[in-house]
Amino acid sequence: MRISELSERTGVSTASIKYYTREGLLPVGERTGYNSTAYGEAHVARLRLIRALIDTGGLSVAAAGKVIAAIDDPGIELDHVFGIAQQSVSRDITPPSAASVEKVHAVMRERGWATVASNPGIPLAASVLDDLAVTRTDLSAVLPRYAEAIDMIADADLDAVAASGDRDQMAEAVVVGIVLGDVLLAGLRRIAQESHTHRRYRGGVVPGQPHESDETNETNETEEPT
């Protein structure tokens, strides 16, 4: 297909396609003439991945380039791909306090988690505890419950990677799971939070939706008398 068709199928402008090619995120197409290039389904799939990383995952072009390079390099082991992807989504934070870091380490010991010292999740989680302390909110007591849930999620992440197939698909699943998985979990968490709030404080009644008892009453009112 020509670049115009590739653009139409993916929703990515031709200028962006050329830019991603120059930056090494997208493989070059096959030259078919002096001024024409052909693209295939692999380019469609790669462009969708690029846009997902940048638009949904919030990665910069440079960060997306690093994780895509890790996907494409067969010499990089999957655990290293994990590390590259984790670093790519990490944000700059104020160094956390030693007390908060120790709270995170305590949970890690309790769960039996073993990581390299530079795992970005450690200072990130600790910095959140520091920020919460400023607002006089202490989640230390519920950290073990959060960790228990995260253990299940991490296990599901690895199951999804293992089911992907060959090395390239597994590497892509690693990146997608880390970058887009955070967004997915945030969405599901918000849904569950509202549902549990209605259940705990409103008896399961969702504002603006008919309650089960209301539906029962309506049914009874419309029944023909016998």
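Bear in mind that the values here come from a model prediction, so they are computed numbers and not experimental data. Sequence order as written defines the numbering, with residues in each chain counted from 1. It should be noted that, the model being predicted, local features are given only for residues of pLDDT at least 70 and side-chain atom pairs only at 80 or more, the latter also being counted only at that level, while totals for whole chains, interfaces and linings use all residues. Water and hydrogen atoms play no part in the side-chain values, which are based on all heavy atoms of the structure.

## Structural notes on the environment of Ile50
Secondary structure counts use DSSP, requiring at least four H or I residues in a row for a helix and at least two E residues in a row for a strand, with both numbered from the N terminus. Checked against the element boundaries, Ile50 lands in helix H3 (residues 41-56). For Ile50 and Leu26, which are 24 residues apart along the polypeptide, the C-alpha to C-alpha distance reads 8.3 Å. Among all residues touching Ile50, those that are not within four sequence positions of it are Tyr20, Leu25, Leu26 and Ile68. In what follows, a contact means two residues having at least one pair of non-hydrogen atoms within 4.5 Å.

## Things to note about the packing of helix H8 (residues 143-162) against helix H9 (residues 167-201)
Interaxial angle, 0 to 180 degrees, is taken between N-to-C directions of lines fitted to C-alpha atoms, where a helix line uses only the stretch in contact. Running from amino to carboxyl end, H8 crosses H9 at an angle of 140 degrees, the nearest separation of the two axes being 10 Å. As for the relative orientation of H8 and H9, their crossing is right-handed in sense. Across the interface between the two elements, Tyr146, Ile153, Val161 and Ala162 from H8 touch Met170, Ala173, Val174, Leu185 and Arg189 from H9. In this classification, the charged set is Asp, Glu, Lys and Arg, the nonpolar set is Ala, Val, Leu, Ile, Met, Phe, Trp, Tyr, Cys and Pro, and all remaining amino acids, among them Gly, are polar. Of the residues belonging to the contact of H8 with H9, the class tally is eight nonpolar, no polar and one charged. Here a crossing is taken to be left-handed if its near helix is turned anticlockwise relative to the far helix by less than a right angle, and right-handed if that turn runs clockwise.

## Examining H9
With 35 residues, H9 should reach 51 Å at 1.5 Å per residue; the first-to-last C-alpha distance of 48 Å fits that figure. Bend at a residue means the angle formed by two fitted axes: the first through the 7 residues ending at that position, the second through the 7 residues beginning there. Where H9 bends most, the angle comes to about 45 degrees, and this point is Gly181. Considered for burial, the residues of H9 that qualify are Met170, Ala171, Val174, Val175, Ile178, Val179, Leu180, Gly181 and His198. Lining the buried residues of H9 we find H3, helix H4 (61-72), helix H5 (78-89) and H8. Pairing of N or O atoms within 3.5 Å defines a polar contact, subject to two protein rules: one partner must be a possible hydrogen donor and the other a possible acceptor, and residues neighboring in sequence count only if both atoms are side-chain atoms. Taking the backbone nitrogen of Asp168 as reference, a side-chain oxygen 3.3 Å away marks Asp166 as the first, capping residue of H9. To estimate how far a helix should reach, multiply one less than its number of residues by 1.5 Å. Only protein chains enter the area calculation, which uses a 1.4 Å probe; residues under 20% of their type maximum are buried, those over 50% are exposed, and those in between are partly exposed.

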